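Residue-level listing of the chains:
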Amino acid sequence: VQNLFGELGINDRLQWKEHSMIFAMPSKPGEFSRFDFPDVLPAPLNGIWAILRNNEMLTWPEKIKFAIGLLPAMVGGQAYVEAQDGLSVEEWMRKQGVPDRVTDEVFIAMSKALNFINPDELSMQCILIALNRFLQEKHGSKMAFLDGNPPERLCMPIVEHIRSLGGEVRLNSRIRKIELEDDGTVKNFLLTDGTTIEGDAYVFATPVDILKLLLPDSWKEIPYFKRLEKLVGVPVINVHIW
Ligand SMILES: Cc1cc2nc3c(=O)[nH]c(=O)nc-3n(C[C@H](O)[C@H](O)[C@H](O)COP(=O)(O)OP(=O)(O)OC[C@H]3O[C@@H](n4cnc5c(N)ncnc54)[C@H](O)[C@@H]3O)c2cc1C
């Protein structure tokens, strides 16, 4: 995403926040607990420092058990991370001997922030990818807010960039069907208004549930597309206030 901002020349629209993770504490309504990442330390020392300094959310025995549980992820690298996809966050924590309180205090919030679902549903792979990033990159968990509403401040520069290169952006153009040639390649996209779109190449970037609905029958047995069966969207409603 940052590469996109750089390419569009709109990096100045990102309002960077101080490098902290701030958790609301369910047991103390209205109170917040902070993990402050000091700027002077490189990764992963800044994260370790942030965790060691926070004594409100996790006790020392919990921190130690969590750190021991995480060791295989630190030494096992990407192969280990990918192999954890079959386990939910909750299952993984229990397998690694991490107390349930760590899951409740830290990973309910983290699971919801990453995927809007709970630790008993989310794949541990997602958490490990995020944690690895935090451990490897000094600013991996730093947040920025956009300086206004996304349609104006982000989408319009994308549209202008596409137009400046001779492209066209059409809104309200819903695809009804992917029409195929006899050899199974795409012939065109049929829109709900009855018109068709033809191209040299086709990119279909709707949410996964819509792709599954519109996937041509003859593609459903192709191994690449068969893997879609296990993917389901998470229903989320968002409200933008500005
Ligand atoms: C509440 C919320 C907060 C989030 N916050 C953040 C955040 O802070 N930072 C961050 O990095 N990410 C955030 N995300 C995640 C991020 O928004 C998504 O990962 C990203 O928008 C996905 O982009 P996409 O292009 O794959 O899909 P989408 O943005 O979902 O785009 C899919 C498009 O397909 C279109 N479409 C659907 N059906 C058809 C059809 N039949 N024909 C043609 N077009 C169709 C839709 O209208 C839509 O425009 C958040 C997500 C949510 C829901």
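The model shown is predicted, which means the values in this text are computed figures rather than measured ones.

## Observations concerning the domain arrangement of the protein chain
Many structure descriptions define interface size as the accessible area lost when the parts assemble.
Then comes step 1: On domain assignment, one finds that the protein chain holds domain 1 (18-136) and domain 2 (171-242).
Then comes step 2: On a C-alpha basis, the centroid separation for the pair domain 1 and domain 2 is 35 Å.

## Quick look at the sheet that holds strand β5 (residues 175-180)
Then comes step 1: The strand order β5-β6-β7 describes an open sheet built from 3 strands, whose pairing is antiparallel. Since the sheet does not close on itself, it has two edges, and those belong to β5 and β7 (196-197), each with one partner.
Then comes step 2: Across 5 bridges, β5 lies against strand β6 (residues 186-191) in antiparallel orientation. Bridging from a neighbouring strand, Ile-175 pairs with Leu-191 of β6.

## Considerations on the pattern of salt bridges
Then comes step 1: Scanning all chains against the criterion turns up 13 salt bridges.
Then comes step 2: It is possible to trace a salt-bridge network through shared partners that takes in Glu-18, Arg-34 and Asp-36.

## Side note on helix α2 (residues 45-53)
Then comes step 1: Buried residues of α2: Asn-46, Gly-47 and Ala-50, and no others. Seen along its axis, α2 keeps its buried residues to an arc of 100°; they face one direction.
Then comes step 2: Looking at the packing, one finds that the buried side of α2 touches β3 (32-36).

The rules we used
- Residues numbered from 1 in each chain as written.
- Predicted model: local features only at pLDDT ≥ 70, side-chain atom pairs only at ≥ 80, totals over all residues.
- Heavy atoms only, no water.
- Domains from an automatic or database assignment.
- Pairing = 2+ DSSP bridges.
- Helix = DSSP H or I, 4+ residues; strand = E, 2+ residues; numbered from the N terminus.
- Salt bridge = Lys/Arg side-chain N within 4 Å of Asp/Glu carboxyl O.
- Buried < 20%, exposed > 50% of the residue type's maximum accessible area, 1.4 Å probe, protein only.
- Arc of directions from axis to C-beta.
- Contact = heavy atoms within 4.5 Å.

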